[in-house]
Amino acid sequence: MSDSISNTPLNVTERGLVCRFTKRRSTFIFTYCDGILLDNFGFSQEDVYGKKLEDIFPSELSGIINKYCYQAWEGQFIQYETKLTGNDYIAFLAPLFNNGEIVEVIGTFIQSNKPSLENELVNTDSLYEDVLQTMSEAVIIIEKDGKVTALNENFQKMIGLIGDYTYGWKEVEYVAEDGSHLPYSELPGVKTLEKGISFHNSIVGVKDIENNQIKWLSVNSKPLTMRDHSDRASLVSISDITERKEMENTCIQAKEEAEKANRAKSDFLSKMSHELRTPLNGIFGFAQLLELDDSLNDQQRDYVQEILKGGSFLLSLINEVLDLSRIETGKLKVSIEEVPLLNVIDECINIVQPLAKKKNIRIQKQLDLQHHMVVLADPVRLRQILLNLLENAIKYNRQNGNIMINSYLEGDDQFVHIVDTGVGFSVVEYHKIFVPFYRVEGTEEEGTGIGLSLVKQLVQQMGGNISVRSKKGKGSEFCFSLPLPKKLKPVIRWEDEVEPLKSVEGKSEHYTLLYIEDNDSNLNLVKNIIKSQPSYTLLSASNGKEGLEKAAFEKVDLILLDLSLPDMNGYEVFDMLKAKEQTKDIAVIAVSANAMPLDIQHTLEKGFDNYLSKPIHVKEFLNTVSETLNNSITQNIPHHTILSTGPYGEEAVSAKTLQLSLTELKKIKEKKYRAAIAMHYADNDWSKSQIAGVTSTFEKMGVEVIAVTDAQFKWEKQVEDIETILIQKPDIIVSIPVDPIFTASVYKKAANAGVKLVFMDNVPKGLEHGKDYVSIVSADNFGNGIEAAHIMGQELGGKGKVGIINHNADFFATKQRTEGFEETIKQQYPSIELVAQEGFTDPSHGEKVAVDMIRKNPDMNGMFVVWDVPAEGAMKAAEAVGKSDLVITTIDLGFNAALEMAKDGSIQGLGAQLPYQQGVAEAILAGYALLRKQTPPYVAVPALRVTKENLLEAWRLVYNEDAPDLIQRTLK
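Description of the structure in this document.

Thresholds, definitions, all that
- Residues numbered from 1 in each chain as written.
- Predicted model: local features only at pLDDT ≥ 70, side-chain atom pairs only at ≥ 80, totals over all residues.
- Heavy atoms only, no water.
- Disulfide = S-S within 2.5 Å.
- Pairing = 2+ DSSP bridges.
- Helix = DSSP H or I, 4+ residues; strand = E, 2+ residues; numbered from the N terminus.
- Axes fitted to C-alpha atoms, helices over the stretch in contact; angles between N-to-C directions.
- Contact = heavy atoms within 4.5 Å.
- Buried < 20%, exposed > 50% of the residue type's maximum accessible area, 1.4 Å probe, protein only.
- Salt bridge = Lys/Arg side-chain N within 4 Å of Asp/Glu carboxyl O.

1. As for the state of the cysteines
Linking two cysteines covalently through their sulfur atoms gives a disulfide.
Then comes step 1: Taken as a whole, this structure holds zero disulfides when the rule is applied.
Then comes step 2: The structure places no disulfide on C69, whose sulfur is separated from the nearest cysteine sulfur, that of C19, by 9.0 Å.

What follows is the structure, given as structure tokens:
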């Protein structure tokens, strides 16, 4: 693409203005501007470079240009008339492409003296033609009869046509990305012409028959209406990506070869694990039973502890060996706990001391005086890190050298420095040494080059960082940090106690278990475990045939199935159980010495309800049995009164009431249903958590998620998204409509096709519950508005002036938030005056709306914003105008809002939705529909008040995970 447009034949600069803009976040920035109109505004070219539209143009003009720039950024060619400095101008805006992506918008503003307007239009067309010729892409228009009009010269070169290409392009041989033949009718531009569907970065190959080669192209296409008539056409841009595809194929081949070698290693590790775990099962299991025996004397108890200690150590060694198989995938496990750092350092020094003595190397310590200092780390991995760094410091050190270990506290982290007097390395190798298999230049020491790479992964997985400094011939200094635990942080250990069994509706509190196992030692262990559980009766079978007979004729609730049996393997037994009417609904737990992740994954994908690895841990065993017998998906949300009503006044049903039983789950899994999620916007914390709740629950239900789309708050795009989804014939669509009116027809089309529709927060106009959609799920929006009002009232001391920024859209969820806030302020805080209320349609305009409101109401000391994204804009507005005492409350717990609360900033609190739990509810309701169960029209999850005091607890509840480290550190 040309870097300058100043040499175009059109002399626009003498009659107006030529500009180029690029998009940054929600605004457009000048990358070029010149012309007499710029002089009239009092600016030079240098003044405008890098500035925003509103920094240069008057506000009434910048708003118009910004609006049309957005349309041009979406691929449209825009022409409109405007009035500037007392003169009429005609404006043209057009997108500029690079590799199929829009990178800039070019704009011309020409004084429209009426007699010369036609000439100016001709010149403008000339400008666009010059711009198109500078592009590396081919740009064409395909008309209804298949005629192609090329807008630049690149099309013939890419397709390989000589002579007339207007219709000849149909005769070219095309191939799909997988190498199969691609018919002309399946080309993206042709499908866009026929169905009105846009395509982005579709891969198409063009076959060169003479050279027997394929040229690979990336194709974008979108519908286009021709100006001179109403016939539909398609606008297509094409990029040559042959070189990129060749590189990808090379990478794929290399990856396949590496995976082949890795599979051989994994197979060996899996077999070794099985052989070691089988005898260890008896040793470890019976020792645990002895530990529970009250008749043992003190000496016998000591012996038992030694057995358990040895067994635990051997098991940890096996697990470490298995971790080797995960190095290539970066899936090393870390188990974070509070670890006494200085004790571990001393242990590691003692281990490497004999190695240091061989080279007469002295190891010195300058450690923190706080001998009880603890860090958050995995103790095994921390030892691994220290031993690796110390062994390297010895290996690459000189004879009679020194090693200094220094540890100190800084901020929220504990730092450890290991300094040696070894060979060192150059600055250019600082980053290379952490790359797998890299060896320091000039070294003669043996090694694989993976140690430091693994050290870096482990440090980062434990929440720390690692760095290095070195000087060739002088030595090296490695420094790593680890986070500290919170003061008085309670230590919660899941395995401390087994929760008592909960009764299952429709069943007695007594359960019959069948254990199919040929190893007498393993069978005796489980028998003794079950003796301690009065709710269980255990039956046993020593082979697959006997197990199948007992399962068919006894009343069995759960089967424990060993996968290695003398007459048939466990998978064959499982298939036979599922094939028989009498046994197909019995829950089955696989019991095996195989502990490789792929083995476990394969087994669970077969349909087993759970998986137990040998050696058996008693508490884990009982927990797994209990969990499987009581297996259901329920909502983990607090009990609060729901204050919201549905979009048509429906009474809310609490999401707490929703659940699916084990039998229902099995029925759903058997059908292999498919679902899609169509979001209004997917790139914020709320949406991501909703999607996570839906997808994780669908995964438990055996429902495949085939698509997750992001409409970016554009109803037209959402219609296209759903049309594309419908081509894939999903059984379920979970969606939040961008606009309840303009999207209604496409949802109606989905409903008529038999798709089960579950809505988030809003419902399209004209659709009926039970007929067209399953249910709508939302937070208690009215209740969250009330919570935001109470926080505001308390922060202002019950008096003040408050403004409201609401959402200018027909969206019942956001309306109820505003209503809840207003009613509560008016009824319970009569000394607080609501002085202003303004709205937005684009959430990125929150800052602009807030600035206008503050300037109009300088004595305002509070502001309610309807959700957190525009509230972030209000926060910036308060900072920009110096309103540091402004109290902001909002709805939705996003990262930036949470960080502002942690800092005790302008956002003092909010009412939070529970998006993860809401997503779980939506997936369960989809399950209801698949099972033809009755569904309530409106389901809600309760409101949650969030302030600085309960921020971390609220984050865990809202997002089903701990708050990010930055928020936690800020609160300290």
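2. Focus: the sheet that holds strand β37 (residues 907-912)
Then comes step 1: Taken together, the six strands give an open sheet; going across it, the order is β34-β33-β35-β36-β37-β39, and neighbouring strands pair in mixed fashion. A strand with exactly one partner marks an edge of an open sheet, and here the two such strands are β34 (832-840) and β39 (944-946). Pairwise comparison of adjacent strand axes, ignoring direction, gives a mean angle of 15 degrees for this sheet.
Then comes step 2: Bridge count for strand β33 (residues 800-807) against β34 is eight bridges, and the pairing is parallel. Looking at β34, one finds that G800 is bridged to I832.
Then comes step 3: The sheet strands contacting helix α22 (residues 781-795) are β33, β34, β35 (862-865), β36 (887-891), β37 and β39, and the helix crosses β36 at an angle near 165 degrees.
Then comes step 4: Against the sheet, helix α28 (residues 951-959) makes contact with β37 and β39, and its axis sits at roughly 140 degrees relative to β39, the strand it touches most.

3. Observations concerning unusual backbone geometry
Then comes step 1: For Q712, which is not glycine, the phi dihedral falls at a positive 55 degrees.
Then comes step 2: With respect to the helices and strands, the residue Q712 is situated in the loop between β29 (704-710) and α20 (715-727).
Then comes step 3: Residue class for Q712 comes out partly exposed when judged on its relative accessible area of 41%.
Then comes step 4: Of note, the phi angle at R932 is positive, near 60 degrees, even though the residue is not glycine.

4. Considering the pattern of salt bridges
Then comes step 1: According to the stated counting rule, one finds 23 salt bridges in the structure shown.
Then comes step 2: In this structure, D575 engages K606 in a salt bridge whose closest nitrogen and oxygen atoms are separated by 3.2 Å. Separated by 31 residues along the polypeptide, D575 in helix α15 (residues 570-579) and K606 in helix α16 (residues 597-606) bring together distant segments of the chain.
Then comes step 3: Judged by relative accessible area, D575 falls into the partly exposed class, the value being 39%.

5. Notes on the sheet that holds strand β31 (residues 756-760)
Then comes step 1: Read across the open sheet, the seven strands follow the order β26-β38-β32-β31-β30-β28-β29; overall the sheet is parallel. Pairing within the sheet leaves two strands with one partner each, and these edge strands are β26 (653-654) and β29.
Then comes step 2: Both strand β32 (residues 775-779) and strand β38 (residues 938-941) contribute to a ladder of four bridges, which runs parallel. Its bridge partner lying in β38, A779 is registered against V941.
Then comes step 3: Of the strands in this sheet, β30 (732-735), β31, β32 and β38 are in contact with helix α27 (residues 915-930), which crosses β32 at around 165 degrees.

Structural measurements only, silent on function.
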